[in-house]
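Overview (structure and organization)
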Amino acid sequence: MKERSTLTRSILTILILIFLTLPSWADSYLVLSRPLDVLSGRTTLEKSASYKLIKAGIAPEKIKQTYPFLGAAMTDLEAGTAAKLRSERPDLIIIRSDVMLYHSTEKTDLREQSLSEMPWHVLKAQPLQEYAIETGADPSSVLIFVLDTGVDTDHPDLTDNLDMTYARHFYDTYLGGVDSDDIVTDYQGHGSEVTGIIVGSTTGVASSLKVVPIRSATNSGGLSISCLTAACDYIMGLKEGDLAGTNIIINLSYNSSASLTSDNELADFFDVLFTNLKDHEILFVGSAGNDGIDADVIYVYPTWNESNNYVAAASAGSNGVLSGFSNYGDLRVEVAAPGSSIYTTDRTGSYVTVDGTSFAGPFTAGIAGLVWAIEPTLEYWEVRNLLINAIGGVNVTTSFLSDYRGTEDDYILVPLSDLASSTYEDEPVNVMAGKVLSPSVIADMTYGPDPENGEEHVAFDVVLSWDSALDPVSYDLWFGATDDTFVKISKDPAASSTGLPDIEEDLGYKLSYDTCYFWRVDLHSGETSTIGTTWRLKTVTLKAYDNSPVNNATAQNTELTLSWTYDMEGSTFDVYFSSDEDAVTSMNSNVLIVSGTSFSSLNVTGLDYDTTYYWRVVTHFSDPERDLVSSTIEGDILHFTTKAEDGNPDLVTSGGGGGGCSSISGFHNMILLIAPLLILLKSKP
């Protein structure tokens, strides 16, 4: 007992010494100088954040990364130090580097698509593309940088329209070199979809231009402001160097979550970013966001920010109506552009149909690029003014470019409802603005479908419902496996909902698993009859999905949890796992680590470092009601790689961190020091 007491006191003494000698728990922060400190052109040393941090007493070794063209720095700071700096140095913006933005994709139809006619959004841009050719536009005068998840560099629609000279990767630590095509490989898909809308040879609105892919987002679709900072600083450096004289557009289809309260640090961050980009004459095009809210009263960043080099794009459908999911705003949202049912390239060499303001943004960026190619001497703010005025069926011609350039301070927190309202109809509208940014234009149509347009994993017992602003009304419901084989469904004409079981009864057959179906609701009110928008849903799948770790993840541990999601209760799963890809592909019984489990997660241990592991989940399910006696569904083959980094165990499910884009706190080191002592204390008799 005496020995135990002595040991206890010794360990407690060691613990106290550890806590006394350990530095405070530090987090990674981005530090930027406020706009009033930003000079024309490149920020001077005296005005840079790193210089100011050192002058404020921050040790140089705590400054982990500097961004010379933004005058910004990434540094490790304790929370107390960060709070003190905010109080004492109002000339600095201090914000955590791991604040995330998320892509503005509403739904994606993942079926392999085929193209029978020109996509509707390309048709809308065709007059401007033809005019650019007629007038001898200079495509080489413009480059569009897409900050996203990367791109499929081998896609036949994209390969000739990518400029890989300046392609870079600002996320993965382990890729090493920065000039290999592999650095922008798209493992998520969003970047390939966005790029296809701009320069796809059959899906793009500006296929004569070039896109520079910048992989700055994670495989799961998140983008940290530290990665955004690194990417923009790199582009500004190019503007001062190799690309001096080239007109540059940045497309970022990412936003913060919507909030009822403001985030002053995030707002200030984007103010500084846009000011610096403005000094480099760079136009920034973004998405308005998919919350379906008024961005004049709800905070979404960077949509909330205003600058004469920034355009936020809302989404509209082929009928000229604002998409139900799209944010809007008379002050904060500058344009609306095609964003519903957009046919574009995917990351596998095929095509998908997508919805979201994520895709209105690249349409706008492509139009901006064409305008700039037609007239390369335009200022960035003149291009912005022209986008805002390109409404109401206006043809973008030389006279239009001359008449609507405006002034440098135009359309900054000025109500855009002063502009004429616009709809597509049969007019060659390129980008819309004005009253179309208000949802009031949907008054004479059905809207607000539930399930939402494009929603996946829809159960067979769900009830379809919709809204209308007119009263009284009657409705016709149409449903089918394709949008050109609709069947009119028998229902109460006044009812604004119908269950899928009733629809199946009318159709005379059961709906299938993992299948897209289309539906439309036409409206009749008095003398008004309106054909509704075609909506899409996808039924529940039997396949396991949303696997974690995501494909191509990097694991910094020798044990982790495999997990997946499934739709159907009663499913069971087999899991194949090995470092031998062929064994997993062939589902060799020797690498079957669990069979017939009803659980959707599994721990794997004893992994080796610097090893790539492969795994797949096979699902078993039966549904006699739908003539599915027994079904085996093979899941995708996924892989992750284990890496040892500074002895810090962690799982980076999004592909790693680096380039000043992420950090691991010192708390892990403290645990590593204390844990063995606690184990020793517990095990001593």
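In this text, all values refer to a predicted model and were calculated from it rather than measured experimentally.

Details of the sheet that holds strand S27 (residues 545-548)
Pairing is antiparallel in the open sheet, where 3 strands are placed in the order S27-S29-S32. Of all strands in the sheet, those bounded by a partner on one side alone are S27 and strand S32 (601-604). Averaged over all pairs of adjacent strands, the angle between strand axes in this sheet comes to 10°, irrespective of strand direction. In the sheet, S27 pairs with strand S29 (residues 560-565) via 2 bridges, with the strands oriented antiparallel. Across the sheet, residue Ser548 finds its bridge partner in S29, namely Ser563.

Regarding the confidence of the model for the protein chain
Here the protein chain averages 80 in pLDDT, while 78% of its residues score no lower than 70. Averaged over each element, pLDDT in the protein chain is lowest for strand S36 (residues 650-652) (34) and highest for strand S11 (residues 247-252) (98). Confidence over residues 18-24 falls short of pLDDT 50; this stretch has 7 contacts with residues more than four positions distant or in other chains. Note on residues 646-685: pLDDT is under 50 here. Beyond four places in sequence and across chains, it has 88 contacts.

Observations concerning the nonpolar core
If you look at the biggest cluster of nonpolar residues, it comprises 55 residues, and the most contacted ones within it are Ile144, Ile249, Leu283 and Trp372. Here this core takes 11 residues from helix H8 (residues 357-374), the largest share from any one element. If sequence neighbours within four positions are ignored, Leu283 has contacts with Ile248, Ile249, Ile250, Asn309, Ala368, Trp372, Tyr380, Val383 and Arg384.

Quick word on unusual backbone geometry
Pro451 follows Asp450 through a cis peptide bond whose omega is 5°. Take Pro451: it is sitting in the loop between strand S18 (446-450) and strand S19 (455-458). In the segment running from Ser548 into Pro549, the intervening peptide bond is cis, with an omega of 0°. Relative to the assigned elements, Pro549 resides in the loop between S27 and strand S28 (553-556). In this structure, Asp514 is a non-glycine residue whose phi angle is positive, near 50°. A relative accessible area of 39% places Asp514 in the partly exposed class. Backbone geometry places Met587, a non-glycine residue, at a positive phi of 55°. On the secondary structure map, Met587 appears in the loop between helix H12 (581-585) and strand S31 (592-597).

Rules used in this analysis
All chains use their own residue numbering, which begins from 1 and follows the written sequence. Selection of residues for local features in this predicted model requires a pLDDT of at least 70, selection of side-chain atom pairs for listing and counting requires 80 or more, and totals for whole chains, interfaces and linings are taken over all residues. No hydrogens and no water enter the side-chain calculation; it runs on all heavy atoms of the structure. Two strands qualify as a pair provided DSSP detects at least 2 bridges between them. In this description a helix means any DSSP run of H or I spanning at least four residues, a strand means any run of E spanning at least two, and both kinds are numbered starting from the N terminus. Convention adopted: a line fitted to C-alpha atoms gives each axis, helices being fitted over their contacting stretch, and angles between N-to-C directions are expressed from 0 to 180 degrees. Scored from 0 to 100, pLDDT records how confident the predictor is in each individual residue. Every residue pair with non-hydrogen atoms within 4.5 Å of one another is taken to be in contact. Residue types Ala, Val, Leu, Ile, Met, Phe, Trp, Tyr and Cys, when buried and joined through side-chain atoms within 4.5 Å, form a set referred to as a nonpolar core. Think of it in three bands: with a 1.4 Å probe and only protein chains considered, a residue is buried below 20% of the maximum accessible area for its type, exposed above 50%, and partly exposed in between.

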